[in-house]
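Below, each chain spelled out in residue letters.
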Amino acid sequence: MTENGDIPPNLRFKTGVKVRNSKALYRFEGYVVEELNCQEIGAQIKLRFDERKPARCPECNDRLPRNRPGSSAAMDMPLGEGLVVWIIFPTIQGYCRTCQCYQTTRPAEIHPEARATWRFMRTVSDWASVAPATAVAAMFEISDHTVRRYDKKVLEADLPKPQLDGLRAILIDEKAVRRGHSYVTVVINADTGELVYMAEGRKKQTLAAFFDQLTAEQRASIEAVGIDRSGAYQAVIEEYLPGAAIVYDRLHLVANINAAIDEVRRTQWREASAEDKAAIKGSRYILYANSGGLEPDPQARLDRLLEANQPISLAYQLKEQFRVICEYRYTACAAKALESWCEMTQTSDMKSFERLARSFRKSAGKVVAFIKHRVTSGRIEGLNNQVAKVVHRACGVRDLDYLFLRLRHQTVMR
Ligand SMILES: [Zn+2]
């Protein structure tokens, strides 16, 4: 601004005239800005070829003969208060001898199919990683569909491919990704948290397809595989990775214990008097909580319940004891502690715990293996949270490839 508040003459321009130094805002290699038109409905940036530079094939960068001229348009970053910006650029169609097909020129800064600049698409993609697609769509005045389309193309171009070399420990799990029981199988690098594989289904073949894509060397590097006890994956792992240790991961073991507690709680509820029912009611989640991890209020309720109901109290103690075993640092000590836990539990007169103890005893090595192989469940827990967030943000997305890329982004770029 000058002293009297006027715009300096060198900054004044009318609509539809040549702009100076536009390269600071609009840099397209091999093109120059010819015109900038602003109207209330939006802005148009008109490019022309830089005559000093020859036309080049967008794929191989070889020179392209100038055959058929035309023009095309692409959306760019909004200007000012959300003014929609279109880049209008000339095109030339010519036969590229290297690619052996007809190619149409375009600035490298513009996506070949999306009719948008890469920088605009990357901005939309950045927002899509933190906000729901509908909110991003409203922000840029485009549709949700377009938000997801840009986001997917950017992730396809920018995300590194899954790192399958040198995997030491992996976690395999199934996840419900859509409403109405549609499951996917996921494989995570247990050390880095990177999501390396995701496919529809939770059968043996679903996992076998992952192992099939690994080289013999990549398979040999895997020394431990964390899974849920009850899944269908065990046989496939033994077949493809005979040298790897199977580890029952902690998150699922804790879930098993919680399910056993829940069964005891429900049995007690059925048999309880009206008065005792009141104490049991709504106690499900306070029973899952770690001892000492509750606020004073729920803790008092838990204490009252444990005092009043002997079987629930015993179930809770068994859970807490199992949790202590999970904190052990030496496998041999944990194995010994697990053995006495199983012995005690098998005579507890609670069916759900007895079943669990029998099963734990049969595969005690796999129950305590996570200590030796340093396979923790934090990565699965982290992924669970990401799945929930990403599915919510994508607003019921049906495209599994997109979901995989979005989740990979969250696990790789943290
Ligand atoms: Zn070419």
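Nothing here was measured: the structure is a model prediction, and the numbers come from that model.

**With respect to the overall build of the chain**
And step 1. For the chain, the helix and strand inventory stands at 16 helices and 10 strands.
And step 2. In summary, the chain has a C-alpha radius of gyration of 30 Å against a globular reference of 22 Å for 414 residues, an excess of more than 25%.
And step 3. In terms of overall dimensions, the chain has C-alpha extents of about 90 × 60 × 40 Å along its principal axes.
And step 4. Counting over 414 residues, the chain shows a buried share of 30%.

**Some remarks on helix H12 (residues 331-346)**
And step 1. Between its terminal C-alpha atoms H12 stretches 22 Å, which fits the 22 Å expected from 16 residues at 1.5 Å a residue.
And step 2. Among the residues of H12, Ala-334, Leu-338, Trp-341, Cys-342 and Thr-345 are the ones counted as buried. Viewed end-on, H12 has its buried residues packed into an arc of 100 degrees, placing them on one side of the element. For H12, the exposed residues set more than 90 degrees away from the buried face come down to Ala-332, Ser-340 and Glu-343.
And step 3. Taken together, the buried residues of H12 touch helix H11 (310-326), helix H13 (351-362) and helix H14 (364-373).

**What to know about the environment of Tyr-288**
And step 1. You can see Tyr-288 is positioned in helix H9 (residues 284-288).
And step 2. Taking the C-alpha atoms as reference, Tyr-288 lies 67 Å from Arg-48; in sequence the two are 240 residues apart.

**Digging into the domain arrangement of the chain**
And step 1. Domain annotation of the chain identifies domain 1 (9-110), domain 2 (169-249 + 376-412) and domain 3 (250-373).
And step 2. Distance between the C-alpha centres of domain 2 and domain 3: 27 Å.
And step 3. With 4 residues, strand E10 (residues 245-248) is the largest single contributor of residues to the side of domain 2 that touches domain 3.
And step 4. For the side of domain 2 that touches domain 3, a count of residues per class yields 7 nonpolar, 3 polar and 5 charged.

**Topic: the packing of H12 against H14**
And step 1. Interhelical geometry of H12 versus H14 gives an angle of 145 degrees and a closest axis separation of 9 Å. Note on packing geometry: the crossing formed by H12 with H14 is right-handed. Judged by residue contacts, Thr-331, Ala-334, Ala-335, Leu-338 and Glu-339 of H12 engage Ala-364, Val-367, Val-368, Ile-371 and Lys-372 from H14.
And step 2. Among the residues forming the contact of H12 with H14, the class breakdown is 7 nonpolar, 1 polar and 2 charged.

**Considering the nonpolar core**
And step 1. Ranked by size, the top nonpolar core spans 61 residues in total, and within it Ile-170, Ile-172, Val-186, Val-187, Ile-188, Val-225 and Ala-315 carry the most contacts.
And step 2. Counting residues in hydrophobic clusters, the runner-up holds 25 residues, among them Val-33, Met-75, Trp-118 and Met-121.

**Some details on unusual backbone geometry**
And step 1. Phi at Arg-115 is positive, roughly 55 degrees, even though this residue is not glycine.
And step 2. Looking at where Arg-115 falls in the secondary structure, it is placed in the loop between strand E5 (101-104) and helix H1 (118-128).
And step 3. The phi torsion at Asp-349 lies on the positive side, around 65 degrees, for a residue other than glycine.
And step 4. Relative to the assigned elements, Asp-349 resides in the loop between H12 and H13.
And step 5. Overall, the presence of 9 C-beta atoms within 10 Å leaves Asp-349 in the exposed class.

**Re the pairing of strand E4 (residues 83-96)**
And step 1. With 4 bridges connecting them, strand E2 (residues 42-49) and E4 associate as parallel partners. Within E4, the residue paired with Lys-46 across the bridge is Ile-88.
And step 2. Across 10 bridges, strand E3 (residues 68-79) lies against E4 in antiparallel orientation. Following the sheet pairing, Gly-70 is matched in E4 by Thr-91.
And step 3. Between E3 and E4, which follow one another and run antiparallel, lie 3 residues, and Gly-80 among them has a positive phi close to 55 degrees.

**Some points on helix H7 (residues 250-271)**
And step 1. Along its 22 residues, H7 runs 32 Å from first to last C-alpha, staying within 8% of the 32 Å computed at 1.5 Å per residue.
And step 2. Within the span of H7, buried status applies to Arg-250, Leu-253, Asn-256, Ile-257, Ala-260, Ile-261, Val-264, Arg-265 and Gln-268.
And step 3. Those residues of H7 hidden inside the fold are in contact with E10, helix H8 (274-280), H9, H11, H13 and H14.

**Side note on the environment of Gly-378**
And step 1. Note that Gly-378 resides in helix H15 (residues 378-393).
And step 2. Between the C-alpha atoms of Gly-378 and Arg-250, which are 128 residues apart in sequence, the distance is 9.0 Å.

**Re the pairing of strand E7 (residues 182-189)**
And step 1. With 6 of 8 residues buried, E7 lies mostly within the body of the structure.
And step 2. In this structure, E7 lies alongside strand E8 (residues 195-200), joined through 5 bridges in antiparallel fashion. Residue pairing in the sheet places Val-186 in a bridge with Met-198 of E8.
And step 3. The antiparallel pairing of E7 with E8 creates a hairpin that spans 5 residues between the two strands, and Gly-193 there sits at a positive phi of about 85 degrees.

**Some remarks on the packing of H7 against H11**
And step 1. The geometry of H7 relative to H11 is characterised by a closest axis approach of 9 Å and an angle of 175 degrees between their N-to-C directions. Classified by the interaxial angle, the pair formed by H7 and H11 is roughly antiparallel. Across the interface between the two elements, Arg-250, Ile-257, Ile-261, Val-264, Arg-265 and Gln-268 of H7 pack against Pro-311, Ile-312, Ala-315, Tyr-316, Lys-319, Phe-322 and Cys-326 of H11.
And step 2. Here the contact of H7 with H11 is built from residues that sort into 9 nonpolar, 1 polar and 3 charged.

**A short note on the environment of Asp-165**
And step 1. With respect to the helices, strands and loops of the structure, Asp-165 is situated in the loop between helix H3 (144-158) and strand E6 (169-178).
And step 2. Residue Asp-165 is classed as exposed on the basis of its C-beta count, with 10 C-beta atoms lying within 10 Å.
And step 3. Distance in space between the C-alpha atoms of Asp-165 and Arg-219 is 8.9 Å, their sequence separation being 54 residues.

What counts and how
Residues numbered from 1 in each chain as written. Predicted model: local features only at pLDDT ≥ 70, side-chain atom pairs only at ≥ 80, totals over all residues. Helix = DSSP H or I, 4+ residues; strand = E, 2+ residues; numbered from the N terminus. Rg over C-alpha atoms; globule rule 2.2 N^0.38 Å. Buried ≥ 20, exposed ≤ 12 C-beta atoms within 10 Å, placed from the backbone. Expected span 1.5 Å × (residues − 1). Arc of directions from axis to C-beta. Contact = placed C-beta atoms within 7 Å. Domains from an automatic or database assignment. Nonpolar A, V, L, I, M, F, W, Y, C, P; charged D, E, K, R; others polar. Axes fitted to C-alpha atoms, helices over the stretch in contact; angles between N-to-C directions. Left-handed = near helix turned anticlockwise from the far one by under 90°. Core = buried A, V, L, I, M, F, W, Y, C linked by C-beta atoms within 7 Å. Pairing = 2+ DSSP bridges. Parallel < 35°, antiparallel > 145°, perpendicular 65-115°, else oblique.

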